[in-house]
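Per-entry structural report
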Amino acid sequence: MKFGRVMTAMITPFDRAGEVDYERMAELSKHLVENGSDSLLVAGTTGESPTLTTSEKLKLFETVRKAADEAGASLGKKIPVIVGTGGNNTKASVEFTREAAKTGADAALVVVPYYNKPSQEGMYHHFVSVAEASELPVIMYNIPGRTGVNMLPDTIAKLSRHEKIVAVKEAAGSLEQVSQIRQVAEEGFEIYSGDDSLTLPMLSVGAEGVISVASHILGSDINKMCTEFFKGNVKEAETLHKKLYELFKVLFITSNPVPVKYALGKVWKDVGGVRLPLFEMGDAEKAKVDAVLEKLGLI
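Definitions and cut-offs
- Counting of residues starts from 1 at the beginning of each chain's written sequence and follows it residue by residue.
- The predicted origin of the model limits local features to residues at a pLDDT of at least 70 and limits the giving and counting of side-chain atom pairs to 80 or more, whereas totals for whole chains, interfaces and linings rest on all residues.
- As a convention, hydrogens and water are excluded, and side-chain values are obtained from all of the structure's heavy atoms.
- We treat two strands as partners when DSSP finds at least two bridges between them.
- The secondary structure listing takes helices from DSSP runs of H or I that are at least 4 residues long and strands from runs of E that are at least 2 residues long, numbered from the N terminus.
- To get an axis, a line is fitted to the C-alpha atoms, and for a helix only the part in contact is used. The angle between two axes follows their N-to-C directions and goes from 0 to 180 degrees.
- In what follows, residue pairs with any heavy atoms lying within 4.5 Å of each other are defined as contacts.
- Take a side-chain nitrogen of Lys or Arg and a carboxyl oxygen of Asp or Glu: if they are within 4 Å of each other, that pair is a salt bridge.
- What sets the label is the angle itself: under 35 degrees gives roughly parallel, over 145 gives roughly antiparallel, 65 to 115 gives roughly perpendicular, and the rest give oblique.
- Handedness of a helix crossing follows the sense of rotation of the near helix relative to the far helix, less than a right angle counterclockwise being left-handed and clockwise being right-handed.
- For this classification, the nonpolar set comprises Ala, Val, Leu, Ile, Met, Phe, Trp, Tyr, Cys and Pro, the charged set comprises Asp, Glu, Lys and Arg, and every other residue, Gly included, is treated as polar.
- Only centres within 6.5 Å qualify two rings of Phe, Tyr or Trp (six-membered ring in Trp) as a pair; their planes then separate them into stacked at under 30 degrees, edge-to-face at over 60, and tilted for everything else.
- Throughout, exposure labels follow a simple rule: accessible area from a 1.4 Å probe, protein chains only, divided by the maximum for the residue type, with under 20% read as buried, over 50% as exposed, and the rest as partly exposed.
- By the criterion applied in these results, polar contacts are pairs of N or O atoms within 3.5 Å in which, for protein atoms, one can donate a hydrogen and the other can accept it, and in which residues neighboring in sequence qualify only through two side-chain atoms.
- Here the nonpolar core consists of buried residues drawn from Ala, Val, Leu, Ile, Met, Phe, Trp, Tyr and Cys, with membership extended through side-chain atoms lying within 4.5 Å.

Moving on to the sheet that holds strand β4 (residues 107-111). Spatial ordering of the closed barrel is given by β1-β2-β3-β4-β5-β6-β7-β8, a layout of 8 strands whose pairing is parallel. In this sheet, adjacent strand axes meet at a mean angle of 25 degrees when their direction is disregarded. When β4 meets strand β5 (residues 138-142), the two strands line up parallel, connected through 4 bridges. Its bridge partner being in β5, A108 is matched across the sheet by V138. Strand contacts of helix α6 (residues 153-160): β5 and β6 (165-170), with the helix running at about 155 degrees to β6, the strand carrying the most contacts.

Spelled out as structure tokens, the structure:
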């Protein structure tokens, strides 16, 4: 297991002027490591990657690498840092992944190309192109709800045989698809849940862990849920899933990461708002998030 059970898909903090708050990002990195995150993912969807500039992303990668090293040193272990480098332009993804490798990252998260709707063969060649251009291992990210296309199990299996392609973040919302991937993918190829609420069911059909949003709020509980499952304490894992389920759902009542940034500001420290075209929640949505946080005893 290369990245642990819980990889947090980090938000990107902004200051009052809407600029990236690198100091708060370093603080958050350490906070997450101290509270259940085995590894950190920077500039994914939750990090508002579409509205970050290339220079902002590279500085974020360097910031989190340094903070993760400091946090890991105090715990006596290395914290993997995964960086979001994918896009819908293969050449640009190749070049950016190569540049990101210089920041000390441990792996690249590369999303299925969105909007241009490639064929399965196009997806295959896209990922191979990225994998062969950089020294970084690649975690593929399949999220049809955002990309408009579903990378099928046979394509994932074919890619799993590439030595540099080591895992998939699977967010198609289908346990059937996860089961199929586990059947046909190379042994040692890792599957991570891309949906917090499906983590426990996905573990039961072959996933290793979760790339989580909710771990910003209760990462230790999510990590314990995974750990208990793999220890064979399924009832304990189920109890934790039930405790966390409402949090899992309320953090997606509107576009991610709007709810989690609001929630983090309530239970930890202010991390700023979101960049347009995302927009803050209304009072009714905030009240729903507050109600769940209160129920969990967090506020």
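Next, the rest of the story.
Using the criterion set out here, one finds 19 salt bridges in the structure. Each of the salt bridges in this network shares a partner with another, and the network as a whole consists of R65, D69, K78 and D106.

Quick look at the packing of helix α3 (residues 90-100) against helix α4 (residues 120-133) now. Across the interface, α3 lies against α4 with an axial gap of 9 Å and an inter-helix angle of 25 degrees. By the criterion of interaxial angle, the relationship of α3 to α4 is roughly parallel. Both α3 and α4 take part in a crossing whose hand is right-handed. On α4, the residues touching T90, S93, V94, T97 and R98 of α3 are H126, S129, V130 and A133. Residue composition of the contact of α3 with α4, by class: 3 nonpolar, 5 polar and 1 charged.

Before going further, it helps to spend a moment on the packing of aromatic side chains. Applying the stated criterion across every chain yields a total of 2 aromatic pairs. Taking the centre distance of 5.9 Å and the plane angle of 40 degrees together, the rings of F61 and F96 count as tilted. Of the two residues, F61 is situated in helix α2 (residues 54-75) and F96 in helix α3; the sequence distance between them amounts to 35 residues. Grouping residues by exposure puts F61 and F96 together as buried.

Moving on to the environment of D21. Looking at the secondary structure, you find D21 in the loop between β1 (6-9) and α1 (22-34). Relative accessible area serves as the criterion here: at 24%, D21 is assigned to the partly exposed category. Residues within four places of D21 in sequence aside, it is in contact with P13, F14 and D15. Separated by 3.4 Å, the side chain of D21 and the backbone nitrogen of E23 make a polar contact.

With that out of the way, let us pick up the environment of K169. Mapped onto the fold, K169 is located in strand β6. Note: C-alpha distance between K169 and V111 (58 residues apart in sequence) is 8.9 Å.

Ranked by internal contacts, the top residues of the largest apolar core, which has 79 residues, are V42, F127, M140 and I217. Setting aside anything within four residues of it in sequence, one finds M140 in contact with L109, V110, F127, M151, I156, L159, I165, A167, V168, K169 and F189. Grouped together as the second largest cluster of nonpolar side chains are 16 residues, F3, I82, V111 and A167 included.

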